[in-house]
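# Results of the structural survey
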Amino acid sequence: MGIGDRFGLEGAAQLQAFQAAKDQGVTITPVWNKSNREHSLIGTRPRDVRVEADAAVKACQWSGPYFVDADHIGLATVDKFVGASDFFTIDVADSIGKPASDASIARYMAEMQRFSGALRIPGIAEPVVVDPASLQEIASKYLFAVEEAGRVYRHIVQQKGEGNFVTEVSFDEASAPQTPAELLFILAALAREAIPVATVAPKFTGEFLKGIDYVGDIKRFAREFEEDLAILEFAKQSFTLPPALKLSIHSGSDKFSLYPIMHRAIKKAGAGLHLKTAGTTWLEEVIGLAAAGGEGLAFVKALYHDAYGRFDEMAKPYLTVIAIDRQALPTPAQVDSWGAQEYVETLEHNQACKRFNIHFRQMVHISFRVAAEKREQYLALLKSNRSSIESHVSHNILKRHIEPLFLGIAA
Ligand SMILES: [Zn+2]
């Protein structure tokens, strides 16, 4: 399970949630993920995540594996992550649709010819129809992207050596969800590149916005998710792929309506899963500060005030993953009039609470740069409000994510 931590102080509190899950009999491997975008917006370096993860593991005496994920890297950005990371999410969405060479496409088509016809895949109701035209289409859309993943993978191998890191390949930032046939032949191509892919992140139907619940057709998601699990199983039997290959869901956090569906599906299939959450630990810090009142509350009110006035600047890097209705945002003057409870209840992701406002939550989520600009003051507040913040951080990961998804306990 991927966890994000913008300011790097919550590693131990996050890990406590994993420890609690382990005590309940489910061992989940923590993966601290941070993308290049996030590092550059906040002024951290990959090294900082490694230091945080190692310190958290030591402090909590965590004895299981853990990883530091270079999230959404490509050839242009991977180098600065190589020393600190041992998990690489190779993002090739930008290469989708770029043409592979004719010779390469011809070789691929020839090798895939054996799947021509109506493929019956256990777990998928309708046969997957494969013909030269559909194969050609998939090859022209995805083959170059997979070759690019191979180039990035081999570039990392040159520096870290084979077997010393975990590889994910992500297509989740593609413009459209992949069909079962596309996923199958993407996996075939990944096997041809000899990438020992541990997790693959397809794009799913619907919107996976930052910090709020799924927006989309839940039934359709459920069907796609089960089909993708079935495709993974079939691909493992058909191509040379790691037996432990899993789906990775770049959830953007808080996909509460999907967790029970995914839980049932992975149980039924006996499959593993990698869930990536976004940096919503940052929101728990804001909640912790608001709940503490006094200086903490004053800081998070001022933060909102500042970010509200710089809306476009805050939103720009996140336009595809947020949906904020500015009319539905409280004005800074309104927020200034709130007490601790109103701030917390408006921000905290409790759908049963009338005050909860998904627009306010998304707005605060993208406003972390304002805190980064006042780093010294912010970090000092985090340090002086440790207990309030840590309990929010742990509780959020354990009760809202791990329990419903991995333990099947309703949130
Ligand atoms: Zn992603």
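### Looking at the pairing of strand E8 (residues 197–201)
With four of its five residues buried, E8 lies for the most part within the structure. Pairing between strand E7 (residues 166–170) and E8: four bridges, direction parallel. Bridge pairing in E8 places Ser-170 opposite Ala-201. Once you follow E7 into helix H6 (residues 180–192) and on to E8, the crossover reads as right-handed. As paired elements, E8 and strand E9 (residues 246–250) share two bridges and run parallel to each other. If you follow Val-200 over to E9, its bridge partner there is Leu-247. As for the winding sense of the linkage, the β-α-β connection from E8 through helix H7 (residues 218–238) to E9 is right-handed.

### With respect to empty space enclosed by the protein
Inspection of the entire model under this criterion finds two cavities of 30 Å³ or more. Contributing to the lining of the largest cavity are Ile-3, Gly-4, Gln-14, Ser-253, Thr-277, Ala-278, Thr-280, Thr-281, Asn-396, Ile-397 and His-401. In the lining of the largest cavity, the residues fall into three nonpolar, eight polar and no charged. Ile-3, Gly-4, Asp-5, Trp-32, Asn-33, Lys-34, Val-49 and Glu-52 are the residues that line the second largest cavity.

### Some points on the pattern of salt bridges
Any two side chains of opposite charge can pair, so long as their charged atoms come close to each other. This structure, assessed with the given rule, holds 26 salt bridges. One salt bridge connects Glu-284 with Arg-400, and the closest N-O pair in it is separated by 3.9 Å. Of this pair, Glu-284 sits in helix H9 (residues 281–292) while Arg-400 sits in helix H17 (residues 386–407); the two residues are 116 residues apart in sequence, bridging distant segments of the chain. Note on Glu-284: relative accessible area 1%, which makes it buried.

### Structural notes on helix H13 (residues 340–347)
The complete set of buried residues in H13 reads Tyr-343, Val-344, Thr-346 and Leu-347. The buried residues of H13 occupy an angular sector of 165 degrees when the element is viewed end-on, so they sit on one face. Its buried side turned inward, H13 meets H9, helix H10 (294–309), helix H12 (332–336) and helix H14 (358–365).

### Details of the coordination of the zinc ion
Protein ligation of the zinc ion involves His-72 (NE2), Asp-172 (OD) and His-250 (ND1), the donor distances falling in the range 1.9 to 2.4 Å. One chain supplies every donor for the zinc ion, spaced along it as H-x99-D-x77-H. Of this pair, His-72 sits in strand E3 (residues 67–73) while Asp-172 sits in the loop between E7 and H6, placing them 100 residues apart in sequence.

### Some details on the nonpolar core
Grouped together as the largest cluster of nonpolar side chains are 94 residues, with contacts concentrated most on Phe-185, Leu-187, Phe-225, Met-262 and Ile-402. Here this core gets twelve residues from one element, more than from any other, and that element is helix H5 (residues 132–160). Met-262 has contacts with Phe-221, Phe-225, Ile-249, Leu-273, Leu-275 and Leu-405, leaving out every residue within four places of it along the chain. Ile-324, Tyr-343, Leu-381 and Leu-382 belong to the second largest nonpolar core, which has 43 residues in total.

### Observations regarding the side chain of Gln-178
With respect to the helices and strands, Gln-178 occurs in the loop between E7 and H6. Within the structure, Gln-178 has its side chain in polar contact with the backbone nitrogen of Lys-203 (distance 2.8 Å). Those residues within four positions of Gln-178 in sequence are excluded, and the remaining contacts are Tyr-142, Phe-171, Leu-183, Ile-186, Pro-202 and Lys-203.

### Notes on unusual backbone geometry
For Ser-253, which is not glycine, the phi dihedral falls at a positive 75 degrees. For Ser-253, the position within the fold is in the loop between E9 and helix H8 (259–269). Overall, the relative accessible area of 0% leaves Ser-253 in the buried class. Look at Asp-254: it is not a glycine, yet its phi comes out positive at around 65 degrees. Along the chain, Asp-254 falls in the loop between E9 and H8.

### Side note on the packing of aromatic side chains
In this structure the tally under the stated criterion is 24 aromatic pairs. With a centroid separation of 6.0 Å and an interplanar angle of 75 degrees, the aromatic rings of Phe-115 and Phe-185 are classed as edge-to-face. Taken together, the positions of Phe-115 in the loop between helix H4 (102–112) and strand E5 (117–119) and Phe-185 in helix H6 put the pair 70 residues apart, joining distant regions of the chain. The two residues Phe-115 and Phe-185 agree in class, both being buried. Aromatic rings pair up to connect Phe-204, Phe-208, Tyr-214, Phe-221 and Phe-225 into one cluster. Directly above the aromatic system of Trp-62 lies the positively charged group of Lys-22, at a separation of 5.3 Å from the ring centroid.

### With respect to the environment of Phe-204
Position of Phe-204 relative to the elements: it lies in the loop between E8 and H7. A residue is classified by how much of its surface remains accessible, and Phe-204, at 4% relative accessible area, is buried. Each C-alpha atom, one on Phe-204 and one on Ser-251, is 10.0 Å from the other, the two residues being 47 residues apart in sequence. Beyond its immediate chain neighbours, meaning those up to four positions away, Phe-204 contacts Pro-177, Phe-221, Glu-224, Phe-225, Asp-228, Leu-247 and Ile-249.

Thresholds, definitions, all that
Residues numbered from 1 in each chain as written. Predicted model: local features only at pLDDT ≥ 70, side-chain atom pairs only at ≥ 80, totals over all residues. Heavy atoms only, no water. Buried < 20%, exposed > 50% of the residue type's maximum accessible area, 1.4 Å probe, protein only. Helix = DSSP H or I, 4+ residues; strand = E, 2+ residues; numbered from the N terminus. Pairing = 2+ DSSP bridges. Right-handed = clockwise from strand over helix to strand, strands pointing away. 1 Å grid on protein atoms, 1.4 Å probe; cavity = no way out; pocket = protein on both sides within 12 Å on 5 of 7 lines; lining within 4 Å. Points joined across faces, edges and corners; volume = space filled by probe spheres on them. Nonpolar A, V, L, I, M, F, W, Y, C, P; charged D, E, K, R; others polar. Salt bridge = Lys/Arg side-chain N within 4 Å of Asp/Glu carboxyl O. Arc of directions from axis to C-beta. Contact = heavy atoms within 4.5 Å. Donors = N, O, S within 2.8 Å, 3.2 Å for Na, K, Ca; no water. Core = buried A, V, L, I, M, F, W, Y, C linked by side-chain atoms within 4.5 Å. Polar contact = N/O pair within 3.5 Å; in protein donor to acceptor, adjacent residues only side chain to side chain. Phe/Tyr/Trp six-rings, centres within 6.5 Å; stacked < 30°, edge-to-face > 60°. Lys NZ or Arg CZ within 6 Å of the ring centre and 35° of its normal.

Geometry only, nothing functional implied.
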